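A look at the structure
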Amino acid sequence: MHEGKSETAAPAIPGWRLIISDAGRFWAIRNRAFPRTALRAGAEPTVDADTFEQVQEAVAAQEEKARDAVAGVVS
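Remember, predicted model here, so these are calculated numbers, not experimental data. The written sequence of each chain sets the order in which its residues are numbered from 1. Residue-level local features of this predicted model are given only where pLDDT is at least 70; pairs of side-chain atoms are given and counted only at 80 or more, and the full residue set underlies all totals for whole chains, interfaces and linings. Excluded from the side-chain calculation are hydrogens and water; included are all heavy atoms of the structure.

As for the environment of Pro 11
The secondary structure listing takes helices from DSSP runs of H or I that are at least 4 residues long and strands from runs of E that are at least 2 residues long, numbered from the N terminus. With respect to the helices and strands, Pro 11 occurs in the segment before strand E1 (16-20). Between the alpha carbons of Pro 11 and Glu 53 there is a distance of 9.9 Å; along the sequence they are 42 residues apart. Setting aside anything within four residues of it in sequence, one finds Pro 11 in contact with Leu 18 and Phe 52. Any two residues having at least one pair of non-hydrogen atoms within 4.5 Å are treated as being in contact.

With respect to the sheet that holds strand E2 (residues 26-30)
Each pair of strands is called paired provided DSSP finds at least two bridges between the two strands. Pairing is antiparallel in the open sheet, where 3 strands are placed in the order E1-E2-E3. Edge positions in the sheet fall to E1 and strand E3 (46-49), since each of these pairs with one other strand and no more. Each neighbouring strand pair of the sheet contributes to a mean axis angle of 20°, computed without reference to strand direction. Pairing of E1 with E2, which is carried by 5 bridges, proceeds in the antiparallel orientation. Note that in E2 the partner of Trp 16 across the bridge is Arg 30. To obtain an axis, a line is fitted to C-alpha atoms, over the contacting stretch when the element is a helix, and the angle between two such axes runs from 0 to 180 degrees between their N-to-C directions.

Printed below as a string of structure tokens:
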């Protein structure tokens with residue numbers, strides 16, 4: 001038992017490493033590189049935001065941009 005310590009799970013985004021700065025800003029860095037096609041289309045492997053919810057949205061936008069770019073090559 002951990003006396004006096006809260007056991008809340010740290011926020012996480014699967015496939016991304018989450019960093020919270022000393023100032024409370026959220027950064028997410030993709031664990032694996034995007035394909036070159038996605039990078040050329042503007043997908044960013046690092047995003048930042050003021051809140052966890054905002055960084056989640058930023059990650060989702062980058063993942064969507066990457067999926068669209070790769071799907072465009074495959075089609």
